[in-house]
Amino acid sequence: MLSDRSRPVIEATLPVVAENIEEIARRFYGHMFGAHPELLDGTFNRGNQAAGTQQVALAGSVAVFATALLKDPEQVPEQLLSRIAHKHVSLGITPAQYDVVHEHLFWAIVDVLGDAVTPEVAAAWDEVYWLMAYALINMERGLYSSRGVRPETVWREWEVAEKTEETADVVTFRVKRVDDRLVKTSLPGQYVSVKVEMPDGVHQPRQYSLTRADDGEHRQFSVKRVRGNGTPDGEVSNLLCDRAQVGDVLTLSLPFGDVVLDDSGRPVVFASAGIGITPMAGMLSHLTAAGSHLPITLLHADVDEESFALRRQVLDDVRALPGAAAHVWYERGAESSLPVDGVHAGMMDLDAVDLPEGAAYYLCGPLPFMRAVRSALIDRGVPAKDIQYEVFGPDLWAADLATEAAPGAGQEVVAQA
């Protein structure tokens, strides 16, 4: 818990840290990569670095964590920690790397804020950082242990067995094992990190949801091509979509991710937009493989039918599940040739469908979409604990506070992050 000595110091200085978080982040990363360029090879996403999103998200995580501690000083924010811990173990992060981040982050804070960082202020923020770091280290140690791996053995090679173009921008890869090691089963909704060697020899990792239940020999994930539209295109997504072919070998991590299907036997509602369909596809595949008879509702929003990735697989699974129904929303009009139970024009509107009582809800898509759907569910009286959401991209920390509309200083930090 946050000490009584540090709490008023953090309350007083949090707005200043939040106001300067972009500059702190910029100097932090520049300083750290200058001293440790090896961290750009296989650990950090340099595409997010170039865009500036990774810097603010990671450096800002300390401020967001502090906000959560101020809101409830007697406990750490478990949901925030779990989300980032799963991401870390999928990358093979080690405890020693927390020391590296600490050294360079605090250098940047002093460099930006100068004399405002008194010994008392430095001690208070040091306490916040190590509360967060030790909580994450302990979580990550447990995750590694539960999978029977160490950070350096998270990775494994797989051969591309099938490559399928789902849409103009989405490609599905089905990979098969190339050794005799047991395929450790994924949980429905989890993801893997895929580490790719780029043309300049630097390895870059990206996370992709598993889109089909494991069969003991294969894994399947889908990649959306990232188009820059004025900024650089996504280097890993475009390389995979354009160059990876059947017979090539890819390096994948073990599956991780804390947003997994509830096995309590309640009705399930999936609400997704765009490429947010991918974890839903994985969960539906698991339900189909298990012969589920649960009431299941799939709600999906997209530009049009041709943009709906994995639509054949997803709707085949819906039709195979006796208690399932599917509704789609298309921005370009309510037209569909697919076997769905409802086609709607425009943005997703929960008032257009009947939702089951006592359901577990899973959301995935852009943050504004998830915020709108979650708010609509809360307004309907759905308990917040019954709504889970998967976050793509580097804004793992900001997402929880932004989606849940945390009051006070938290909103200021999120606005900056």
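Here, the structure is the one placed above.
Residues numbered from 1 in each chain as written. Predicted model: local features only at pLDDT ≥ 70, side-chain atom pairs only at ≥ 80, totals over all residues. Heavy atoms only, no water.

1. Topic: the packing of helix H5 (residues 78-89) against helix H7 (residues 119-146)
Between two packed helices, what matters for the description is the angle formed by their axes and the separation of those axes. Running from amino to carboxyl end, H5 crosses H7 at an angle of 55°, the nearest separation of the two axes being 9 Å. On the basis of the axis angle, H5 is oblique to H7. In terms of crossing hand, the pair formed by H5 and H7 is right-handed. Judged by residue contacts, Glu78, Leu81, Ser82, Ile84, Ala85, His86, His88 and Val89 of H5 engage Met132, Ala135, Leu136, Met139, Glu140, Leu143 and Tyr144 from H7. Per-class residue counts for the contact of H5 with H7 are 10 nonpolar, three polar and two charged. (Axes fitted to C-alpha atoms, helices over the stretch in contact; angles between N-to-C directions. Helix = DSSP H or I, 4+ residues; strand = E, 2+ residues; numbered from the N terminus. Parallel < 35°, antiparallel > 145°, perpendicular 65-115°, else oblique. Left-handed = near helix turned anticlockwise from the far one by under 90°. Contact = heavy atoms within 4.5 Å. Nonpolar A, V, L, I, M, F, W, Y, C, P; charged D, E, K, R; others polar.)

2. A closer look at the packing of aromatic side chains
For the coordinates displayed, the defined rule picks out 10 aromatic pairs. An angle of 80° between the planes, with centres 5.3 Å apart, marks the rings of Phe33 and Phe44 as edge-to-face. With Phe33 in helix H2 (residues 21-35) and Phe44 in the loop between H2 and helix H3 (46-51), the pair connects residues that are 11 residues apart, well separated along the chain. Neither Phe33 nor Phe44 differs from the other in exposure class; each is buried. Arranged with centres 6.0 Å apart and planes meeting at 85°, the rings of Phe106 and Tyr129 form a pair that is edge-to-face. Of this pair, Phe106 sits in helix H6 (residues 96-113) while Tyr129 sits in helix H7, and the two are 23 residues apart along the sequence. The exposure class assigned to Tyr129 is buried, which follows from its relative accessible area of 2%. (Phe/Tyr/Trp six-rings, centres within 6.5 Å; stacked < 30°, edge-to-face > 60°. Buried < 20%, exposed > 50% of the residue type's maximum accessible area, 1.4 Å probe, protein only.)

3. Side note on the environment of Ala290
Examined against the element boundaries, Ala290 turns out to sit in the loop between helix H9 (277-289) and strand S8 (296-302). On a C-alpha basis, the gap between Ala290 and Lys163 in space is 26 Å, while along the polypeptide they are 127 residues apart.

4. Focus: the nonpolar core
Met32, Tyr98, Leu105, Trp125, Val128 and Tyr129 are the most contacted members of the largest nonpolar core, which has 53 residues in total. Secondary structure elements with two or more residues in this core: helix H1 (7-19), H2, helix H4 (53-71), H5, H6 and H7. Per-element accounting of this core gives the leading share, 13 residues, to H7. Residues in contact with Tyr98, not counting those within four places in the same chain, are His88, Ile93, Tyr129, Trp130, Ala133, Leu136, Ile137 and Glu140. (Core = buried A, V, L, I, M, F, W, Y, C linked by side-chain atoms within 4.5 Å.)

5. Some details on the packing of H6 against H7
Contact geometry of H6 with H7 gives a least axis separation of 11 Å together with a crossing angle of 160°. Between H6 and H7, the crossing angle belongs to the class labelled roughly antiparallel. Between H6 and H7 lies a crossing whose hand is right-handed. Contacts from Tyr98, Asp99, Val101, His102, Leu105 and Phe106 in H6 reach Ala122, Trp125, Asp126, Tyr129, Trp130, Ala133, Leu136, Ile137 and Glu140 in H7. Residues that form the contact of H6 with H7 fall into these classes: 11 nonpolar, one polar and three charged.

6. Topic: the sheet that holds strand S6 (residues 249-253)
Strand order in the open sheet formed by six strands is S4-S3-S6-S1-S2-S5, and the pairing between neighbours is antiparallel. Looking at which strands have only one partner, the edges of the open sheet turn out to be strand S4 (203-209) and strand S5 (218-224). Each neighbouring strand pair of the sheet contributes to a mean axis angle of 40°, computed without reference to strand direction. Relative to S6, strand S3 (residues 191-197) runs antiparallel, the two being bridged by two bridges. Bridge pairing in S6 links Val194 to Leu252. Across the face of the sheet, helix H8 (residues 235-243) comes into contact with strand S1 (155-165), strand S2 (170-177), S3, S4, S5 and S6 while running at roughly 75° to S4. (Pairing = 2+ DSSP bridges.)

7. Observations concerning the pairing of strand S9 (residues 324-330)
With six of seven residues buried, S9 is to be regarded as a mostly interior element. Note that S8 and S9 share seven bridges and pair parallel. Residue pairing across strands places Ala301 opposite Trp329, the latter belonging to S9. Between the parallel pair S8 and S9, the chain is carried across by helix H10 (residues 311-320), and the sense of this crossover is right-handed. (Right-handed = clockwise from strand over helix to strand, strands pointing away.)

8. So, the state of the cysteines
A full pass over the atoms with the stated rule returns zero disulfides. In this structure Cys241 is a free cysteine whose sulfur lies 17 Å from that of Cys364, the closest cysteine sulfur available. (Disulfide = S-S within 2.5 Å.)

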